[in-house]
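What follows is the residue order along each chain.
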Amino acid sequence: MADRGADEPSSRTESPDGESRVSEDRCSVHQRLAIRELIDTEVSYLHMLRLCALDIRSRLKQLPQGDLDVLFSNIDDIIKVNSRFLQDLQGTDAMEEKQVQLIGNLFLEFQEELERVYKVYCANYDQALLLVESYRREPELQREIQAIIEAVVPQAGPSGLSFLLVIPLQRITKYPLLLQKILENTLPNASAYSVLQRATSALQDVNTNINEYKRRKEVASRYTKVEHLTLRERLARINTHTLSKKTTRLSQLLKQEAGLVLRTEDKEFDDLEERFHWVSLCVTELKNNVAAYLDNLEAFLRFRPQQYDLDMPAGPVGQYCNLARDLQLQAFPEFKQRLEDLVWQPLCSLAKALAGPQNLIKKRLDKLLDFERLEEKLLEEGSVTYEEEEARHTYQALNSLLVAELPQFNQLAMQWLGQILGTFMALQRDLAKQVLQRAESSLAQLPHHHLSEPAFRKLVEDALGQTGQQLRSFQENFEKELTPPTVQPLLPGAERQVQALLTKYGPGKLYQVTSNTSGSRTLDLSLPRGQVVALLQNKDTKGNSSRWLVDTGGHRGYVPAGKLEPYQIVPREEKLGGQAGPGEASRHPAPDPSPGLVAAVPTGTQVVAMYPFVARNSQEVSLQAGQPVAVLEPQNKKGNPEWSLVEVDGRRGYVPASFLARAPSPAPWGWSLPS
């Protein structure tokens, strides 16, 4: 009896052990099936991604590249990450005993990479769907796209592109479910259990973070668009709601400035914002400088000295002209085109890329004021409305997105800026190298090519200094021979009027009309050429200095300032001494001869007209001030030296001898390097 009683408990303990072993075996089988499902579905998934990236994308040639970039987003990055993931996943088959633990560790290892690539794809997914919807509104295009997809992926069915684009989203959300299935079939006391738990939780966090990132991007997309609205359009958007929001924000800002409420401090964001503004400032300054550089280059290309006859001997000058022509027609235009393509256009694109973050930072400040006000309300009342809670979340989403992405944006912008500057310097070096190569043959023929650079620089400076002195000497000699201002002939009977104005206003106020004026505005005067007037005011009532108020001796009004010049009072001796024509007395006053005037000029001498002269008959010839004149006879047929027979532009006639002057003869000028 005792022995039988002792045997009964033994039989009862064997039964649970057997059930436990059966349960473990069942879990092991289901676990292996779950692992096999994970690996097999990963193989199929990666195969489908490659079909999309290689076959389908390459066949959709009817779609622009911009659409393809949106539709397939960063699918190439996903393929790279998942290819390595699948390779490591298949490698766990060789270690069956530790396979579960290895799979858990593998997901933990790829957690950050999976989140990084899938959050970009998921954030662009809605925009891709909008494109798909737009294609459906074009039946012919939709049929072509559908035919391509059905030829490559028959199981896509009528869904077409939508079926393919959603596959990455489905896969990233399925990873936690597959891990959970493996975890459910893993004994709690197994060493791999805790690893699987952490892996499952990590993949759930990945999906949560992707959803949060997608939500932030959706919030930010509403504020990154830069709209160029007219004043009328801005006014049309104003309503009671916007006025209320702006008033509340202004009130909150004034409270902060007055110290009534605390300002939210965010040192991390402030540092990022300051760096971003420095980047923006650098881009703006560089863009302005490059624009000025291009303008100067354009002006330089318009100046082509090699096209002008410099009247200089051949030799180095001719070589320079040939070199300048070569550079002007080929080297510099090529440099300008490369500069626009490789520097200016990327710089404009970078400046355009800054507009979105700038607008987002500005909106973040508005949302921060809303957030601070709602935080105060939450502390005072303990609750906020649904709309107010949404406003709080909007600020948090914007702030989180900026804190997460501004560092990357700043870094990329600085790299972009550095590449632009590097390209600019490389273009400068290429231009210098190209110019030196083209000039190499010409340089060897120059008389001073053997000199060192410092010695040559000193030689050029000395030569330029000497040439500058010659130019100044020529200028001084020329100014000595400059003609005095032209004396316009007075109108008949105007002497008495001029004398009256002179007595009333003095000689410093008298001006003479250089050409006929026709008044077109109120108080404007219509005056003939030669009319003498007195200046009353050198601007009109509106401060316009181009209209002068004058007195004609009978009327007052406005005359264009550009048609007035100071009146030169002719001495009475000149008036009395007037010109005597070849056959009759002249009433035209002639100025006194100056030291440079013609006096007994030999026949055939080349002189210059000091004053304009209008021929009054067929025996005279007209002159323009500064016009070269050849003297044929220094006096007329009666021997009067006051009239000279000259030839002007092939025309012969008499002109007043006092209107002619010898041309100055300075020392030979122009610069040439000493030998």
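Scroll up a little and you will see the structure.
Residues numbered from 1 in each chain as written. Predicted model: local features only at pLDDT ≥ 70, side-chain atom pairs only at ≥ 80, totals over all residues. Heavy atoms only, no water.

Draft legend 1. Fine view of the overall build of the protein. The number of helices and strands found in the protein is 17 helices and 10 strands. Pairs at least 24 residues apart make up 68% of the contacts formed inside the protein by residues separated by at least 6 positions. Carbon and sulfur atoms make up 54% of the accessible area of the protein, which amounts to about 40600 Å² in all. (Helix = DSSP H or I, 4+ residues; strand = E, 2+ residues; numbered from the N terminus. Contact = heavy atoms within 4.5 Å. Areas by Shrake-Rupley, 256 points an atom, 1.4 Å probe, with all protein chains shown as cover.)

Draft legend 2. Inspection of empty space enclosed by the protein at higher detail. Under the definition given, this model contains 2 cavities of 30 Å³ or more. Empty space within the largest cavity amounts to approximately 40 Å³. Along its surface, the largest cavity is lined by Val132, Tyr135, Arg136, Gln142, Ile145, Gln146, Ser159, Gly160 and Leu161. Sorting the residues of the lining of the largest cavity by element identifies α5 (111–136) and α6 (139–152) as the ones contributing at least two each. Of the residues belonging to the lining of the largest cavity, the class tally is 4 nonpolar, 4 polar and 1 charged. In this structure, the second largest cavity occupies an estimated 30 Å³ of space. (1 Å grid on protein atoms, 1.4 Å probe; cavity = no way out; pocket = protein on both sides within 12 Å on 5 of 7 lines; lining within 4 Å. Points joined across faces, edges and corners; volume = space filled by probe spheres on them. Nonpolar A, V, L, I, M, F, W, Y, C, P; charged D, E, K, R; others polar.)

Draft legend 3. Main features of the sheet that holds strand β3 (residues 547–551). Strand order across the open sheet formed by 5 strands is β4-β3-β2-β1-β5, with antiparallel pairing between neighbours. Lying at the two open borders of the sheet, with one neighbouring strand each, are β4 (556–560) and β5 (564–566). Sheet twist, expressed as the average angle between the axes of neighbouring strands with direction ignored, equals 50 degrees. Note: strand β2 (residues 532–537) against β3, 3 bridges, orientation antiparallel. Counted as the bridge partner of Leu535 is Val550 from β3. (Pairing = 2+ DSSP bridges. Axes fitted to C-alpha atoms, helices over the stretch in contact; angles between N-to-C directions.)

Draft legend 4. Here's a closer look at the packing of helix α3 (residues 75–91) against helix α4 (residues 99–109). α4 packs onto α3 with a crossing angle of 165 degrees between their chain directions and a minimal axis gap of 10 Å. As summarised for this structure, α3 and α4 are arranged roughly antiparallel, according to the angle between their axes. Relative to α4, α3 is oriented so that their crossing is right-handed. For the pair formed by α3 and α4, the contact residues are Phe85, Asp88 and Leu89 on the first element and Ile103, Leu106 and Phe107 on the second. Looking at the contact of α3 with α4, its residues break down into 5 nonpolar, no polar and 1 charged. (Parallel < 35°, antiparallel > 145°, perpendicular 65-115°, else oblique. Left-handed = near helix turned anticlockwise from the far one by under 90°.)

Draft legend 5. A look at α6. Over its 14 residues, α6 runs 20 Å from end to end, which matches the ideal 20 Å to within 8%, given 1.5 Å per residue. Among the residues making up α6, those that are buried are Leu141, Ile145, Gln146, Ile148, Ile149 and Val152. The buried residues of α6 occupy an angular sector of 160 degrees when projected down its axis, which confines them to one face. Pointing more than 90 degrees away from the buried face of α6 are the exposed residues Arg143 and Ala151. (Expected span 1.5 Å × (residues − 1). Buried < 20%, exposed > 50% of the residue type's maximum accessible area, 1.4 Å probe, protein only. Arc of directions from axis to C-beta.)

Draft legend 6. How the structure looks around the side chain of Asn82. Relative to the helices and strands, Asn82 is located in helix α3. Looking at Asn82, its side chain comes within polar contact range of the side chain of Tyr118, at 2.9 Å. For Asn82, the contacting residues outside a window of four places in its chain are Glu42, Tyr45, Leu46, Leu114, Tyr118 and Tyr175. (Polar contact = N/O pair within 3.5 Å; in protein donor to acceptor, adjacent residues only side chain to side chain.)

Draft legend 7. A look at the pairing of strand β8 (residues 643–648). Where strand β7 (residues 628–633) meets β8, 3 bridges bridge the pair, whose relative direction is antiparallel. Residue pairing for β8: Val631 is matched across the bridge by Val646. If you look at the hairpin formed by β8 and strand β9 (residues 651–656), you'll find 2 residues sitting between the two strands, and Asp649 has a positive phi there, around 50 degrees.

Draft legend 8. Region of interest: unusual backbone geometry. Not every positive phi belongs to a glycine, and Ser73 is a case in point at roughly 45 degrees. With respect to the helices and strands, Ser73 occurs in the loop between α2 (65–72) and α3. A positive phi is found at Asp649, a non-glycine position, where the angle reads about 50 degrees. Tracing the sequence through the fold places Asp649 in the loop between β8 and β9.

Draft legend 9. The arrangement of the nonpolar core in detail. Among the nonpolar cores identified, the biggest contains 63 residues, and Leu71 and Phe107 are the most heavily contacted of them. Contacts of Phe107, omitting those with residues within four sequence positions, involve Leu38, Phe85, Tyr175, Leu179, Ala199 and Leu203. Of all hydrophobic cores here, the second largest spans 36 residues; its members include Val290, Leu327, Phe332 and Leu360. (Core = buried A, V, L, I, M, F, W, Y, C linked by side-chain atoms within 4.5 Å.)

Draft legend 10. Focus on the sheet that holds β8. Read across the sheet, 5 strands follow the order β9-β8-β7-β6-β10 without closing on themselves; strand pairing throughout is antiparallel. Bordering the open sheet on either side are β9 and β10 (660–662), each of which pairs with just one other strand. Going from strand to strand, the sheet's axes swing by 50 degrees on average, the running direction of each strand aside.

Draft legend 11. Fine view of the pairing of strand β6 (residues 606–609). Both β6 and β7 contribute to a ladder of 3 bridges, which runs antiparallel. Its bridge partner being in β7, Val607 is matched across the sheet by Val629. Bridge count between β6 and β10: 3 bridges; the pairing is antiparallel. Within β10, the residue paired with Ala609 across the bridge is Leu660.

Draft legend 12. Highlighting α4. Within the sequence span of α4, burial applies to Gln99, Val100, Ile103, Gly104, Leu106 and Phe107. In a view along the axis of α4, the buried residues occupy a sector of 160 degrees, so they form one face of it.

Draft legend 13. Seen up close, the pattern of salt bridges. The final tally for this structure, using the stated rule, is 24 salt bridges. Salt-bridge contacts for Lys181 lead to Glu37; the nearest nitrogen and oxygen are separated by 3.2 Å. Here the residue Lys181 occupies a position in helix α8 (residues 167–184), and Glu37 occupies one in helix α1 (residues 2–59), the gap between them amounting to 144 residues. Relative accessible area serves as the criterion here: at 26%, Glu37 is assigned to the partly exposed category. (Salt bridge = Lys/Arg side-chain N within 4 Å of Asp/Glu carboxyl O.)

Draft legend 14. Highlighting the packing of aromatic side chains. Applying the stated criterion to the full structure yields 11 aromatic pairs. Ring centres of Phe85 and Phe107 lie 4.9 Å apart, and the angle between their planes is 65 degrees; this geometry places the pair in the edge-to-face category. Note that Phe85 is positioned in helix α3 and Phe107 in helix α4, a separation of 22 residues in sequence. For Phe107, a relative accessible area of 0% gives the class buried. (Phe/Tyr/Trp six-rings, centres within 6.5 Å; stacked < 30°, edge-to-face > 60°.)

Draft legend 15. Representation of a nonpolar patch on the surface within the structure. A surface patch of nonpolar side chains, amounting to about 270 Å² of accessible area, comprises Leu250, Leu253 and Leu254. Among the secondary structure elements, Leu254 is positioned in helix α11 (residues 240–258). (Patch = residues over 30% accessible without salt bridge, like charges linked within 9 Å, V, L, I, M, F, W, Y side chains within 5 Å.)

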